[in-house]
Structure formats: structure tokens, C-alpha cells
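Architecture at a glance
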Amino acid sequence: MEVSMGLWALTIAGLAALISVDFFIGRKPHEVSIKEAGVWTAVWIALAGLFGLGLLVFGGGQPAGEFFAGFITEKSLSVDNLFVFVLIMAKFAVPTQYQQRVLLVGVLIALVLRAVFIAAGAAILASFSWVFYLFGAFLIWTAWKLIQEARTDDADEEFEENKLLKAAERRFGVADRYHGTKLWIQQNGKRVMTPMLVVMLAIGTTDVLFALDSIPAIFGLTQDPYIVFTANAFALMGLRQLYFLIGGLLRKLVHLSYGLSIILGFIGVKLVLHALHESGVHVPEISIPVSLGVICTVLAVTTVTSLLASRKQVAAGEAHTDGEGARKSSVDV
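Residues numbered from 1 in each chain as written. Predicted model: local features only at pLDDT ≥ 70, side-chain atom pairs only at ≥ 80, totals over all residues. Heavy atoms only, no water.

Turning to the pairing of strand E1 (residues 184–187), a few remarks are in order. Two strands pair when backbone bridges link them, and E1 and strand E2 (residues 190–193) are joined in this way by four bridges, in the antiparallel orientation. If you follow Trp184 over to E2, its bridge partner there is Met193. (Pairing = 2+ DSSP bridges. Helix = DSSP H or I, 4+ residues; strand = E, 2+ residues; numbered from the N terminus.)

Here is the structure:
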């Protein structure tokens, strides 16, 4: 798909306008309700759908299919980010009324960093087609790693600050408490960061780790930088509202890691097949409709099995509690 500089500028300006409206509406710190989160989640999904339909009308079925496949993949992988966001919010004890501001700025930082990754990835793939082998192998390895992590007990997992964040804290210092939405304050005659800025940087820079698998994954579905960027943008910008909407349901998605591992492994195989095809080897390639169908099916099955497994765990826990209560009553008698 040929994209002019004018279309790039118009797209970035449109996204900036949407982000500004989002920021203006939620500029006053407040605790986000389920209703508000649900409305804004629906708005961002609807906007992504309208953008995809625009691609269908003006670009054809191929770009539109690639966008929807990329958007759904990035959205599903972004849900995994929410687990880490919960840990970060707990680590820094972010007051509930400031969490939406933290997520908005943190996601903006993540989007800028991902744009850099996308530009670099597009340039590398355009010059070295063999990189598809590396991307494919990396995704397959990541899929296996996800399965291994899913089998371990991470109930006591805690967020650990990365080296960049620790270096910034040592260099500038951090205030001992939150000062509203201020990012910098004067303390003992020295300008120091507030915890608000630290947690924003934590969310933004931590997302880079997730981009290491999500960016190769979407390049496995499309090599068009425009589609890669817009799919990432729409997936990330709705992430803040999704955090408040399904925050309480995250623990119930017990099979999410297995579903994501299947998706990453599938795209990894697709990348390897594409690389072999580019090298002149006659192998079948996986089409975008097939990819979209596999991704949607895996997510649907994962969600259903997760909810069923969570329900069984709750029922088993209640039965165990009732049994202990009955034994205690018999002992008392």
C-alpha cells in the first residue's frame, strides 16, 4: 500500500487530536468508573473499526485485513501488559484518582518508543530479508517461554525497576510523596522528580519489553509500516480504559498466556514460511484471512476456558471452606 507523506501527516494529526480530546475530557483527576471505562473502550474500538473500513474502501481488502489482524493481535498482546501495569500501580502505591493520568502519559511514552521500533524494523526488513528467519525463531522461542512461565506459580510476583529508571532516580532524586499531578518539585533547594513522573516512566519504558515480541508479531502479518503503526496506535490508546474495565477480571484469564503463546508460535511459523518463500523455496504461505481466523478463534477459546476454569476454582475453594467449617463444628460438638 502506497502511503504519501501527506497521509502520514494527516494520520498522526488525527491521532494527536483524538489523544488531546481524551486528555481534555479526563484532565481532572478522578476515580474512573466502570461505565466511563466501558464507554471509552467502545469508542476506541469503534474508531479502530472505522479506520479499518476506511482502509477497505480506499486501499482494498488486503490492507484492511492486515490492519484488523494486526489490531486484534496487538490488542490481545497488550492485555498481557495490564498484568504488569497492576504490579507497577501497586509498587508505587498510585492513588486511584491519579491512575488514569499515569496510564495516559505512560502509554504515550510507549507509543513514541514503539514508533522508533517500527521504523527500525521496517528499515531492517527492507534491507535484509533473512531477518524474517530471526523474527520467526524469536517468536517461536517467546511462545515456548510463555508456556513455561504459565506453568510456574507467580502469585507473589513483584515489579522490578529497570536500569534506566533506577539511573534516573539516582540522578535526579525522588520526592517522598505524591504532589498532585506535578512531575517536578523543589525539595531542599533541589529540583527532584515526583513519584508521579517515576511511575509514568516505569509504564512507558516497561512497555518496550513487550514491544520486543509484539512488533515482530505484527510484522509477521504485514510488512507495511503504516499499518503496523496505526494498528499499534489504536491498540495502545484504548489500553488505558481497558485497564479500568477488566482490571478485576485479569486474574480470571488464567489461560491467557497459553493463548498468546499459540498466537505468537503461529505467527512465528508464518514468518519462517514467508522467509522460505522469499528465498525461493516452494512452501505454502498462510493468508491474512486464515491468520485472522486463527487469532480470533484462539482468543475466543482461551477466554471461555479461562472463565470456566476460574469458576471451577471458586467452586472448589468454597467447597473446601465449607468442608473445613463442617469439621470444625463437629470438633466443637
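For the coordinates displayed, the defined rule picks out 10 aromatic pairs. Centre to centre, the rings of Trp8 and Tyr226 are 5.2 Å apart; their planes meet at 90°, and the pair counts as edge-to-face. Here Tyr226 lies in helix H8 (residues 225–237) and Trp8 lies in helix H1 (residues 5–25), a separation of 218 residues in the sequence. For Trp8, a relative accessible area of 23% translates into the label partly exposed. (Phe/Tyr/Trp six-rings, centres within 6.5 Å; stacked < 30°, edge-to-face > 60°. Buried < 20%, exposed > 50% of the residue type's maximum accessible area, 1.4 Å probe, protein only.)

Moving on: the packing of helix H2 (residues 34–59) against helix H9 (residues 239–246). Contact geometry for H2 and H9: axes closest at 8 Å, N-to-C directions at 140°. By the criterion of interaxial angle, the relationship of H2 to H9 is oblique. Every pair of crossing elements has a handedness; the one defined by H2 and H9 is left-handed. Judged by residue contacts, Ile34, Ala37, Gly38, Trp40, Thr41 and Trp44 of H2 engage Gln241, Leu242, Phe244 and Leu245 from H9. Among the residues making up the contact of H2 with H9, the classes are represented as seven nonpolar, three polar and no charged. (Axes fitted to C-alpha atoms, helices over the stretch in contact; angles between N-to-C directions. Parallel < 35°, antiparallel > 145°, perpendicular 65-115°, else oblique. Left-handed = near helix turned anticlockwise from the far one by under 90°. Contact = heavy atoms within 4.5 Å. Nonpolar A, V, L, I, M, F, W, Y, C, P; charged D, E, K, R; others polar.)

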